[in-house]
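Residues per chain are reported as follows:
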Amino acid sequence: MHERVIPASPNWYCGRCSDTNQRGVMGFGARNTVYLLDVSAESCSVLGSLSGHKERVSGFSFCRQAGQDQLCASSSDDGTVKFWDADDRVLLKEHSGHQGTIVALHWSPADKNLVVSGDDKGVVVCYWFNTGDCSSFFPLPKALFSLSCSPHSWKLLALGYKQGIILLVDVSKKGEVLHRLRGHEDEIHSLSWSPSTPALEQGDAPQEAPQDPPGEEEDFARGSGGYLASGSRDQTIRVWSTDTGRGITTLKLPYLKKRGGGVGGGGGASGGKDRLWLSVHWPDDRPSQLLSSCFSGELVLWDLGASGKQKWSVLGSGDQNHSRIVFNMSSVRLASGRQLLLTTSMDREIKCWDLASLECVWTLPTLGGSVYALSFSPVATGLLALGGADQMIRSWDTLSLQNPYLTKTFWQGIRSKITALVWHPSREGSLAFGTDDGKVGIYDAFSNKPPQISSSYHHKTIYRLAWGPPLPPLSFGGAGERPSCSLYSCGGEGAILQHDPRNLASDACNIDKLIRDTNGIKHKLSPHSDFSWKPDGTVVAVGNEDGSVDVYAAPALKQLCSVQQHNKIINTLQWYHPLAPQPELQYLLASGSSSAKVYVHDLRLACEAPADPPAVISEAFRTLGAHTGKITGLSWSPHHPARLATVSYDHTAQVWDVLKGEGLVNYRGHGNRVMCVEWSPVDPDVVWTGADDFTVHEWKPSKQEFTAPPKGKKTVGLREKNKLKKINMAAAGQREGESPPVGEREASERGTRSVDGERETKAVNGETETKAVTGERGWRERDPKRVNGERETVSVNRERETKAVNGERGWRERDTRSVNGERDEDEQNGTNGSLSTAGGLMKKPPAPLRTKEKPELMKRKKARSMLPLSTAMDHRSKEDLLEDCVTLATITHSPAPPAGCVPGKGPHLQLGLFSDRPALHSMFQEEEEAHLAAGHPDSVVYLRLWSGDVEGALRTATERGELNDHLLAIAPTGGYRVWVRTVQDYVKQLCLQDQHLKAASFLLSINKLHEAIELLHSHKMYREAIALARARLPDQDVVLKGLYVSWATALEKDGHLSAAAKCYVAAGAGFDAAKVVSKKSDAPSLRAAATIARLAGESQLAHTIALRCAKGLAASLDWVGAQQVLKAQEVSSSKGVPHSNGVASTQEVPSTEGVPSTQGVPSTEEVPSTQEVPSTEGLPHTIGVPSTQEVPSTQEVTSTEQVPSTQEVPSTQDGMLVHRLCFCVAEILSAALTECEAVSSHPWARPGPPRGGSGPEPPQDRVRAVWQQEFGVAGGSGVTSLLKDLASVEKSQLSSSSPAHQVVSHVAVCLSTAVLLWLRGGDDDELTKAVWEAVEAPRGVGHDGMSVMLSSLIFPDGDVSVFSRRFQKVLVPVAKGASAALTSLQAFLNYRFLFDLWWSHAPSATSANQELTNVAVAGEAVTGVTVTETAVTETAVTEATVTEATALSRRAAVLLSEPHAAYQATQRDVARVQERLTGLVLHHARAHQQGAQGQDLSQDQGQDQGQGQGQSIDQSQDQSQDQGPEEPETLMSLSAQMTLYQKDLALLPDTIKTYSHPDVVECSLVVLHLARGSTLVTEALQTTARDLLRRYASSPDAQRAARAFLA
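1. Concerning the overall build of the protein chain
Secondary structure summary: the protein chain contains 39 helices and 67 strands in total. Within the protein chain, the proportion of its 1607 residues that are buried is 53%. For the protein chain, restricting intrachain contacts to residue pairs at least 6 apart in sequence, the fraction spanning at least 24 positions comes to 58%. In the form shown here, the protein chain has an accessible surface area of approximately 70,100 Å², with 51% of it arising from carbon and sulfur atoms.

2. As for helix α1 (residues 511–519)
Residues of α1 that are buried: Ile511, Asp512, Leu514, Ile515 and Asn519. In a view along the axis of α1, the buried residues occupy a sector of 160°, so they form one face of it. Opposite the buried face of α1, by more than 90 degrees, sit the exposed residues Lys513 and Asp517. At its buried positions, α1 is contacted by β39 (486–491), β40 (496–499), β41 (509–510), β42 (528–533), β44 (549–553) and β45 (558–563). Just past α1, the residue Gly520 takes up positive phi, approximately 65°.

3. A few points about the sheet that holds strand β53 (residues 653–657)
Taken together, 4 strands build an open sheet; the order of strands is β51-β52-β53-β54 and the sheet is antiparallel. The two strands at the open ends of the sheet, each matched to only one other strand, are β51 (631–636) and β54 (662–667). Within this sheet the neighbouring strands show an average axis-to-axis angle of 25°, counted without direction. As judged from the 5 bridges shared by strand β52 (residues 643–648) and β53, these two strands associate in the antiparallel manner. Counterpart to Arg643 in the pairing with β53 is Asp657.

4. Here we look at the confidence of the model for the protein chain
Averaged over the protein chain, the pLDDT score is 78; the fraction of residues at 70 or greater is 76%. Below a pLDDT of 50 lies the segment residues 1405–1409, which in the model reaches 6 contacts outside its immediate sequence neighbourhood of four places, other chains included. Across residues 1415–1442, where pLDDT falls below 50, the model places 59 contacts with residues more than four positions away in sequence or in other chains.

5. Let's talk about the packing of aromatic side chains
According to the stated counting rule, one finds 29 aromatic pairs in the structure shown. Members of the aromatic cluster, connected to one another through ring pairs, are Trp12, Tyr13, Phe145, Trp277 and Phe327. Above the plane of the ring of Phe621 lies Arg622, whose end atom (NZ or CZ) is 4.2 Å from the centre. Note that Arg673 overlies the ring of Tyr649, its terminal NZ or CZ placed 4.7 Å from the centroid.

6. Let's talk about the packing of helix α25 (residues 1300–1320) against helix α26 (residues 1325–1340)
It is the contact of α25 with α26, at a shortest axis distance of 8 Å, that shows an interaxial angle of 165°. Between α25 and α26, the crossing angle belongs to the class labelled roughly antiparallel. α26 is crossed by α25, and the crossing has left-handed handedness. The segment α25 lies against α26, with Val1303, His1306, Val1307, Cys1310, Leu1311, Thr1313, Ala1314, Leu1317, Trp1318 and Arg1320 engaging Glu1326, Leu1327, Ala1330, Val1331, Glu1333, Ala1334, Ala1337 and Pro1338. Residues that form the contact of α25 with α26 fall into these classes: 13 nonpolar, 2 polar and 3 charged.

7. Brief notes about the nonpolar core
Leu1229, Trp1267 and Phe1355 are the most contacted members of the largest nonpolar core, which has 129 residues in total. Not counting residues up to four positions away in its chain, the partners in contact with Leu1229 are Thr1234, Pro1259, Val1304, Val1307, Ala1308, Leu1311 and Leu1350. Counting residues in hydrophobic clusters, the runner-up holds 35 residues, among them Tyr1391, Leu1455, Val1561 and Leu1576.

8. Things to note about the side chain of His601
Tracing the backbone through its elements, the reader meets His601 in strand β48 (residues 598–602). By relative accessible area, which is 3% here, His601 ends up buried. A polar atom in the side chain of His601 sits 3.5 Å from the side chain of Gln565. Residue contacts for His601: discarding those within four places in its chain leaves Val563, Gln565, Tyr587, Leu588, Leu589, Ser591, Ile617, Glu619, Ala620 and Phe621.

9. As for the pattern of salt bridges
Scanning the entire structure with this criterion turns up 37 salt bridges. A salt bridge links Glu1052 to Lys1079, with the shortest nitrogen-to-oxygen separation between them at 2.3 Å. One end of the pair, Glu1052, is in helix α16 (residues 1038–1054); the other, Lys1079, is in the loop between α18 (1070–1077) and α19 (1083–1095), and 27 residues separate them in sequence. A relative accessible area of 22% places Glu1052 in the partly exposed class. Within this structure, Arg23, Asp69 and Asp87 form a network of salt bridges that share partners.

10. Here we look at α16
Between its first and last C-alpha atoms α16 spans 25 Å; for 17 residues at 1.5 Å apiece the expected length is 24 Å, and the two agree. The inward-facing, buried residues of α16 contact α14 (1009–1018), α15 (1022–1032) and α17 (1057–1066). Two or three places before Val1039, at the opening of α16, Asp1037 has a side-chain oxygen 2.8 Å from that residue's backbone nitrogen. Gly1055 occupies a position one or two residues after α16 and carries a positive phi of about 90°.

11. A closer look at the state of the cysteines
Enumeration according to the criterion identifies 0 disulfides in this entry. For Cys1222, which is in no disulfide, the shortest distance to another cysteine sulfur is to Cys1224 and amounts to 9.6 Å.

12. A closer look at the environment of Ser648
Looking at the element boundaries, Ser648 is found in strand β52. Along the chain, Ser648 and His627 lie 21 residues apart, while their C-alpha atoms are 6.8 Å from each other. Setting aside chain neighbours within four positions, we find Ser648 in contact with His627, Gly629, Lys630, Ile631, Thr632, Arg673 and Val674.

13. A closer look at unusual backbone geometry
With an omega dihedral of 5°, the bond running from Ala554 to Pro555 counts as a cis peptide bond. The topology assignment puts Pro555 in the loop between β44 and β45. Cis geometry is found at the peptide bond from Asp612 to Pro613, where omega equals 5°. With respect to the secondary-structure elements, Pro613 resides in the loop between α2 (604–608) and β49 (615–617).

14. Describing the packing of α18 against α19
Two elements in contact, α18 and α19, have axes separated by 8 Å at closest approach and are oriented at 175°. One element, α18, and the other, α19, form an angle in the roughly antiparallel class. Here Gly1070, Ala1073, Ala1074 and Val1077 of α18 come into contact with α19, specifically with Ser1085, Ala1088, Ala1089, Ile1092 and Ala1093.

15. Let's talk about the environment of Val674
Tracing the sequence through the fold places Val674 in strand β55 (residues 674–679). Take Val674: its relative accessible area is 0%, and that puts it in the buried class. C-alpha of Val674 to C-alpha of Ala691: the two residues are 17 residues apart in sequence and 4.0 Å apart in space. When sequence neighbours within four positions are dropped, the list of residues in contact with Val674 reads Thr632, Val647, Ser648, His651, Thr652, Thr689, Gly690 and Ala691.

Conventions used here
Residues numbered from 1 in each chain as written. Predicted model: local features only at pLDDT ≥ 70, side-chain atom pairs only at ≥ 80, totals over all residues. Heavy atoms only, no water. Helix = DSSP H or I, 4+ residues; strand = E, 2+ residues; numbered from the N terminus. Buried < 20%, exposed > 50% of the residue type's maximum accessible area, 1.4 Å probe, protein only. Contact = heavy atoms within 4.5 Å. Areas by Shrake-Rupley, 256 points an atom, 1.4 Å probe, with all protein chains shown as cover. Arc of directions from axis to C-beta. Pairing = 2+ DSSP bridges. Axes fitted to C-alpha atoms, helices over the stretch in contact; angles between N-to-C directions. pLDDT = per-residue confidence, 0-100. Phe/Tyr/Trp six-rings, centres within 6.5 Å; stacked < 30°, edge-to-face > 60°. Lys NZ or Arg CZ within 6 Å of the ring centre and 35° of its normal. Parallel < 35°, antiparallel > 145°, perpendicular 65-115°, else oblique. Left-handed = near helix turned anticlockwise from the far one by under 90°. Nonpolar A, V, L, I, M, F, W, Y, C, P; charged D, E, K, R; others polar. Core = buried A, V, L, I, M, F, W, Y, C linked by side-chain atoms within 4.5 Å. Polar contact = N/O pair within 3.5 Å; in protein donor to acceptor, adjacent residues only side chain to side chain. Salt bridge = Lys/Arg side-chain N within 4 Å of Asp/Glu carboxyl O. Expected span 1.5 Å × (residues − 1). Disulfide = S-S within 2.5 Å.

Printed below as a string of structure tokens:
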């Protein structure tokens, strides 16, 4: 059917849109069609196409099984998958299993029936070709990008996603995910399976890829998967083992020089990641070689088995590489053994590579847009230029023997579609072109220079270019001063310009001026649509938009004749070819128009003997009328007499014998509108055509089977039917004597032509054509920015960019359904086109009119008449209209009107327009009544305005709610009162229409400011109301403040707290602003709220919020931030207030009695030396306590530090300082007690060694030093005020669930109190209690470890009487409570010492652990050390001057306290009685509910007590067995026991009950256990322990543990 074809460009951004079968047939998707190529020969040839999809083809794949390799499948954006027979090019079947857009397709190489497809929603559909079964699964809810079926197992499927994830799924198990391959960081462009096991060297894999252990290389023969290669937009290629799901190696793309030149390390592609599409392909029979694309179109061959750094080589050399990114690769091994690689690219070329030599075998150019122009060079024989919508010009050497597709591309300087081309008649290589945006240029085809562009632009698309003889003024001058020929161009605006090719920068001249001057024409010439110079240059024919053809003689352009044959726009003109036989036919002129007819006129007589005036020719020499669409191109054969080729919108090309007036052959190979035609200058049996289907065809008329275009009978019949219907409707209206309504008459009068330049609609081949009658352009009626809906492509910096007309889309925007950079609107199937299928032509429904057409071409709706009655009476019969003329003349010229004639009323209504004013008003009244009846009150308003009744017109519009801006502008003509009332009415109307802003603006026009503000306020338009009030009202106006408060309330309700705070601040309500901001409770919000409150003068609120913020920061361990917040408030409080005691004085204060006083240390009279400290009960000074020689007296210590006076303590500054001190202590304790790493901390928070010693510095010493250095707190009267402020500080309420930071905060307050009491001086009772509370608080809520650590830090020597060695402080309590507190502290320190000693003397760790567990179980209240803590304790016990035995006796004497043993035993008895009482009450309650069941009460009681009390009843039964039978316990007996125990507790001293003590029974057991393995325990101490066990070991566990020692 055809010889050679340049097909449409393969679709971009598709992972698998081309494939090749084993017979050497390649298929690729281009737009909505699949083209088939034969690639088995030395050069390719186009076999045909597969048409049927409605939208862009997104995937294509052949069946790989032998005997079925002619089967193929294609997917499309229309959601269908179609199956084809490539040999017969017929559709076999299809399925629509997808709801989304299909993005990937693959026919499984391992199963001849399985076809897998995936869409952008992540749904994968498996279709079995033989049975038609279909199943789907949804492995991941993400956008799928590519997929590939394994060639080794039909079950394995690889899926690549946009997020960089790769899934290996099992198709047989409904998509069960086998492996999730992670490593890529961006979308997966391509996936390729290895044909067999490649010899990958594990040692060469990069470090970031997981490595297999030595000797564990995957064995493909044993596995079912193999290897998978993936290419991603992150510029990496990864090879995976699909058996293990692990990465084998990672390949990073090399940076290559542009255009596939030499390889260089620094010549990276400028586009980088944004210009990358990484396609990978694993060729058959090459398991160790992998092919991939690169940045700028280069192809890289990776040798996976090579060693060393460079594992790649580049295919091709010089200009063989692609110039832009490569999208698809496929390979084939021919029967000859030659292996070829086929690639498609963004540069619109398909290349074939020999994988043996790595050289390019052939290149096939493709087209990215409609072809609008073809032109053969008259000098270089066989050189064909073609141009189209892809903004490129291609010169094709059609006679080349080595390369049948030898083309050269020109794109520099072109920014729009090429719509016209013409070669210079004598200068070789000079090619003129015209563009869609009106530019004219000239290219030199044999150089690389950019084109010359004419400075004169057409306003619209250029339709015709031609070389001709120069006309005035270029023809003036001598032979050397004028050009040999001029370049003429015709544009869509209707002008023909003459350009000087020697100087295109000069202004072009319009030939219309010469035509008018020569022929004396005064009227405006009809816009021109085409022209054609007679080959000898003597005559030019000009076609016009009105269908006429004017013929002028050069050079003066004297008109010779006018051809009035066409009734529609002339699309193309062509004089007879000068080289054709029968020169007597040289005056034949062929013309084609939008009427689908071609007329041939013989103008010999008009040219040789012109008449004056010019003759009008209305008879054609021949009429060629077989086409059914617009005529778009003509070409006379240079080889045959009077043979003409024509092309049309009906998708066909026709060859005519003009002398016989009949068609010879018809070519139907195109799938869309055919736009241009050229007859071969060398072969009489070859014709070239270009079409809207993005292709150029070479075909031979002798091989065509059709002789005429398809008739299109349905379209012709429909057209005639519609025409007849309109005529009948018009005739029926006239018979009834009624005129059609206004607006309908115009529609009925259009018929085949519309008036006033309105568009005409006709059906051609079942499709809708829209064109303009006045200025109709036929196929040329295209938007200057769009030709047939194609996207405009722009070349920038040698990179061809694509953009949409209304705003640029990104180069990767695949969602626009772009095909080859163009939009799939009308081009996808053709606006007036049809789809070519195996069964013939499949009609496409008419496409809706695009809204982007020119406004002058859009259908304009005629306005409704204001005087419909009088207008309708003008459409009566001719006799009635003549009678009206006579009546009007009588009224005008006679003194008395005819009888019964009242102008403006009744049957003479229409005469009111031509009579006096009263008659006109009468006509207006009747017209108003007609408008109201028809529902057109707006027309009534206008009529009243015309009559001068402004107030009445406005009142009518107000009543109907139809006031508008126009009427309001007219209102002032009725007076000020009318205007104000109208504005007020219009404001009400606007409010009902929710146009509040507009209503407020009109209120301002009548000076009603407050009403306008209130209007906006009432409709919650706070922002606008505030803006208006700010602009017009004073700053302190109460209305403005109320607006701010109202808006703040609304914002606060909606959760916009920051905006609400700004409103409160503007209203002067700083308190509310701070409260609103603090609602978010995060640190930045609280900090801002505190600042706002401080600046607003709300100091109390500022302090409260700042403290909240500081607590939150401290809870997150941001200690620096907490201090900064408090310091900001402290500084702001003290700003501007002088404090004489704010800075510490440097004067030294003399010590009392001549001895320099140390900081915070009382005089010698107040503090006795260590020899004078009495050893109260339980305060030994042996083990762990320094001797008297080691503790120097106060007389022996002389401080070298300066001591501030009593007035040197800074003021508390509204209580902020005391909080800062507490946070300081908390930070120091947190660093010492917790293991959490602080977000930010101060350098002084880190514990340091004490002066002259080792180990951690006691926290109290650290706190005192930091307070003095950082906060200036050292002592004096200011400490008293700090203590008062600290008393008001709320301590954290602790419980067993309190977190560690809350416990530390509570301890910090207690320790701060202790340090302040220490600094204040006086007796030590309160100080001792404060220290005891600090240590006891963690123990009381279950944080025993923290309590033990804290006591060890405060008393590192194990002696609670020595509070500070650095500052020489000894605790000497006076009151009993304080002494008891000190005893309690010493007892717990001794308790820890006892366990440490036992552990150090235990026979083995295992036995010690077991004994310790027994002891812990025996104790009812283990209060100090757990098993784990004891095992890891490393407290240094320093032996001083006494033995360990004495030390143990002293420590144990404090622990084995009989009063505490009695108290603890009584507590255990009370708890046991309470537990039994609870069980007894529960028993009676259940017995009451189950009394009807008659169960044994005693049995139930035993069971209930066992359930309620756990093991306590069993333990009591064990005890009762030892003591003999007892009477059953009752509620009365238990209550009596509880009373006795309470009395015993009341008799005990309060100090015993207040200050806790370690469990005496437990300590006794430890002492006895220690006696077994050590000689340190004296007999007396053992005796005391046994006595305590006999008397107070009342619990069953304790009794069992004590049996071994009491036997």
